[in-house]
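Observations on chain architecture
Take a look at the letters that make up each chain.
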Amino acid sequence: MTPYAYAAALLVSTGAMMLLDARFALVLWRDTVRSLVVLAIGIAFFLLWDVVAIGQGFYHRGESAAMTGLMLAPELPVEELLFITFLCYVTLVMHGLVGLTLARTGAGRR
């Protein structure tokens with residue numbers, strides 16, 4: 001396994017979400033500024049969560065041949081930032097997709 005496999009998988013998955021987002025204008029292609037603000041807040045929240053957990057001794061970096069070995073901070077690998085970004089973005093895309101589906105089916109109207 002290559003040392004960049006996990007990071008590459010996260011980037012490819014995020015790219016797939018971007019294609020879905022662009023195709024249906026769900027998040028970034030609907031309201032770019034608002035979406036980027038919400039995405040940044042989510043990323044900051046989960047990074048802070050990780051930093052607190054690391055400081056309390058609850059979180060430790062896992063060892064894997066698929067990881068780059070690049071660290072943002074002690075016990076905080078760069079892959080964690082990529083994962084958090086993917087997690088927040090896929091949540092926003094799913095929210096947009098559900099909203100679009102409800103709007104198209106009329107289920108969102110009362």
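Let me sum up the structure you'll find in this document. (Residues numbered from 1 in each chain as written. Predicted model: local features only at pLDDT ≥ 70, side-chain atom pairs only at ≥ 80, totals over all residues. Heavy atoms only, no water.)

A short note on unusual backbone geometry
Where the residue is not glycine, phi is negative for most of them; where a peptide bond is considered, it is trans in most cases. Positive phi, normally seen in glycine, also occurs at A25, with a value near 50°. Considering the arrangement of structural elements, one finds A25 in the loop between α1 (5–24) and α2 (32–55). Residue class for A25 comes out partly exposed when judged on its relative accessible area of 25%. In this model, E75 sits at a positive phi of 70°, which is unusual for a non-glycine residue. As for its placement among the helices and strands, E75 is situated in the loop between β1 (71–73) and β2 (76–77). (Helix = DSSP H or I, 4+ residues; strand = E, 2+ residues; numbered from the N terminus. Buried < 20%, exposed > 50% of the residue type's maximum accessible area, 1.4 Å probe, protein only.)

Quick word on the packing of α1 against helix α3 (residues 78–105)
Close contact between α1 and α3 brings their axes to 10 Å; oriented N to C, the two are set at 25°. Classified by the interaxial angle, the pair formed by α1 and α3 is roughly parallel. Viewed along their axes, α1 and α3 form a crossing whose handedness is left-handed. Side by side, α1 and α3 meet where Y6, A7, L10, L11, S13, T14, M17, M18, L20, D21 and F24 of the first sit next to E79, L82, F83, F86, Y89, V90, V93, L100 and R104 of the second. (Axes fitted to C-alpha atoms, helices over the stretch in contact; angles between N-to-C directions. Parallel < 35°, antiparallel > 145°, perpendicular 65-115°, else oblique. Left-handed = near helix turned anticlockwise from the far one by under 90°. Contact = heavy atoms within 4.5 Å.)

As for a nonpolar patch on the surface
Together, Y6, F83 and L87 line one region of the surface with nonpolar side chains, adding up to about 230 Å² of accessible area. Exposure remark for Y6: the relative accessible area of 34% places this residue in the partly exposed category. (Patch = residues over 30% accessible without salt bridge, like charges linked within 9 Å, V, L, I, M, F, W, Y side chains within 5 Å. Areas by Shrake-Rupley, 256 points an atom, 1.4 Å probe, with all protein chains shown as cover. Salt bridge = Lys/Arg side-chain N within 4 Å of Asp/Glu carboxyl O.)

Some words on the layout of surface pockets
Taken as a whole, the largest pocket holds about 290 Å³ of empty space. In this structure, the largest pocket is lined by L26, V27, R30, D31, R34, S35, V38, L92, H95, G96, G99 and L100. Elements represented by at least two residues in the lining of the largest pocket include exactly α2 and α3. Considering each element in turn, the lining of the largest pocket owes the most residues, 5 residues, to α3. (1 Å grid on protein atoms, 1.4 Å probe; cavity = no way out; pocket = protein on both sides within 12 Å on 5 of 7 lines; lining within 4 Å. Points joined across faces, edges and corners; volume = space filled by probe spheres on them.)

Looking at the side chain of T14
For T14, the location among the structural elements is in helix α1. At 2.8 Å, the side chain of T14 forms a polar contact with the backbone oxygen of L10. (Polar contact = N/O pair within 3.5 Å; in protein donor to acceptor, adjacent residues only side chain to side chain.)

Notes on the nonpolar core
Counting 13 residues, the largest nonpolar core has M17, Y89 and V93 as its most contacted members. Every element with two or more residues in this core is listed here: α2 and α3. The biggest single contributor to this core is α3, with 7 residues. Leaving out residues up to four positions away in the same chain, Y89 has contacts with T14, M17, M18, D21, L28, W29 and L39. (Core = buried A, V, L, I, M, F, W, Y, C linked by side-chain atoms within 4.5 Å.)

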